[in-house]
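What the coordinates show
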Amino acid sequence: MTFKHVNILGYSFINTTFKNFMDQIQDDSNQHLNRFIITANPEIVMYARKHPDYQKLVKTADYLTPDGIGIVKASQTLGDPIPDRITGFDIFNSLLEWGNDNKKSVYLLGSKPEVIQKTIQKIKTDYPDLIIAGYHDGYFKDDAPIIAEIENTKPDFVFVATGFPKQEEFITANRHISDSIWMGVGGSFDVYSGTVKRAPKFWQEHHLEWLYRLITDPKRLKRQLVIPQFMWVVWRSKK
């Protein structure tokens, strides 16, 4: 499947529905293709614009998906609207379910030791047919044993939850060792394990997750301020 793309500040986002994207990833996995997914929000785009090395890295992704509502709004501003948000957490959940149904294998890397343990236990309960190829928390000084385990087990999916830019840097440096679907998933383990609560459905459906997170965690204010900055840059880029 060849996706349409929309150029937002020099970054080529896929312009499709969540379902079409998941169909493509499932097909890629069945063919054992090496794929790198980045789910980008305005914060990631603005960070990349200021950090050339990370910018180059982002542009090597096979799929750049619109994680934040800010990306969707930007596409509308540019006259090439994206139909759906395609978030890292939703992709992660969908692939766990599909992986369970198809006896796929996963490797999970990231989060605090107690969070990764809770995540693994919940996956084993929710998805007993999903094969856990291995896992490790995000607090490591030597990544050689982790890399060796991924190389030896060749999992179908590698989910890295160490936050940007570290997760994408790890994937870029190591994706050659296994023909897997590689994806940075940020705080997905925290949410999946129940350590952090995701916004209720109402907030999700009205594209207000960012506001819910801000209300429940006011320390995010500085990060959230990047959204109006991003939209201003997008608006200026139209001229």
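If you're wondering where the values come from, they're calculated on a predicted model, not measured in any experiment. (Residues numbered from 1 in each chain as written. Predicted model: local features only at pLDDT ≥ 70, side-chain atom pairs only at ≥ 80, totals over all residues. Heavy atoms only, no water.)

So, the overall build of the protein
Stated precisely, the cut-off is as follows: By definition, any uninterrupted DSSP run of H or I lasting at least four residues is a helix, any uninterrupted run of E lasting at least two residues is a strand, and each is numbered from the N terminus. When we talk radius of gyration, it's over C-alpha atoms, and the globule rule is simply 2.2 Å times the number of residues to the 0.38. Contacts between residues were defined by any pair of non-hydrogen atoms, one from each residue, lying within 4.5 Å.
The secondary structure content of the protein amounts to 13 helices and eight strands. The globule rule puts the C-alpha radius of gyration for 239 residues at 18 Å, and the 17 Å found for the protein is close to it. Its C-alpha atoms put the protein at 50 × 40 × 35 Å along the principal axes. Partitioning the intrachain contacts of the protein with sequence separation of at least 6 by distance along the chain shows that 73% fall at a separation of at least 24.

Brief notes about the pattern of salt bridges
Formally: The term salt bridge refers to a side-chain nitrogen of Lys or Arg lying within 4 Å of a carboxyl oxygen of Asp or Glu. For every residue, the accessible area (1.4 Å probe, protein chains only) is compared with the maximum for its type, and the residue is labelled buried under 20%, exposed over 50%, or partly exposed between those bounds.
Under the definition given, this model contains four salt bridges. A salt bridge links D28 to R35; the nearest nitrogen and oxygen atoms lie 3.4 Å apart. Of the residues examined, D28 reaches a relative accessible area of 1% and is grouped as buried. For D62, the salt bridge identified is with R175, shortest N-O distance 2.8 Å. Taken together, the residues D62 in the loop between α3 (52-58) and β4 (63-66) and R175 in the loop between α8 (166-174) and β8 (181-184) connect sequence positions 113 residues apart. Owing to a relative accessible area of 31%, D62 belongs among the partly exposed residues under this scheme. Classification of R175 by relative accessible area gives buried; the value is 17%.

Regarding the nonpolar core
Threshold: We define the nonpolar core as a collection of buried residues of types Ala, Val, Leu, Ile, Met, Phe, Trp, Tyr and Cys that are connected through side-chain atoms lying within 4.5 Å of one another.
Judged by nonpolar contacts, the single largest core of 35 residues is most densely connected at I8, F13 and F230. With residues up to four places along the chain from it excluded, the contact list for F13 reads K4, H5, V6, I8, A40, V45, L64, T65, P66, I71 and I82.

Some remarks on the environment of I44
On the secondary structure map, I44 appears in helix α2 (residues 42-50). Residues I44 and P83 lie 39 residues apart in sequence; the distance between their C-alpha atoms is 20 Å.

A closer look at the environment of T65
Inspection of the secondary structure puts T65 in strand β4. Under the relative-accessibility criterion, T65 is labelled buried at 0%. Through-space distance from the C-alpha of T65 to that of I38 is 6.3 Å; in sequence the pair is 27 residues apart. Apart from residues no more than four positions distant in its own chain, T65 is found in contact with F13, I14, F21, I37, I38, T39, A40, I86 and I91.

A few points about unusual backbone geometry
With an omega of 0°, the peptide bond between F164 and P165 qualifies as cis. Here the phi dihedral of H32 falls at roughly 55°; this positive angle occurs in a residue that is not glycine. Residues other than glycine seldom take positive phi values, yet K154 does so here, at roughly 45°. Considering the arrangement of structural elements, one finds K154 in the loop between α7 (144-153) and β7 (157-161).

Observations regarding α8
Our working rule: Within this analysis, the arc is defined by the directions that extend from the helix axis to the C-beta atoms.
All buried positions along α8 are accounted for by Q167, E168, F170, I171 and N174. The arc that holds the buried residues of α8, viewed along the axis, is 160°, so those residues lie on one side. Buried residues belonging to α8 abut β3 (35-40), α3, β5 (105-110), α7, β7 and β8.

Describing the sheet that holds β5
As a reminder, the rule being used: Strands were regarded as paired on the criterion that DSSP finds at least two bridges between them. In this analysis, axes come from line fits to C-alpha atoms, helices being fitted only over the stretch in contact, and the angle between any two N-to-C directions falls in the range 0 to 180 degrees.
Spatially, the six strands line up as an open sheet ordered β4-β3-β8-β7-β5-β6, and their pairing is parallel. Edge positions in the sheet fall to β4 and β6 (131-136), since each of these pairs with one other strand and no more. Ignoring strand direction, the axes of neighbouring strands in this sheet form an average angle of 20°. The sheet contact formed by β5 and β6 spans five bridges and is parallel. Within β6, the residue paired with S105 across the bridge is I131.

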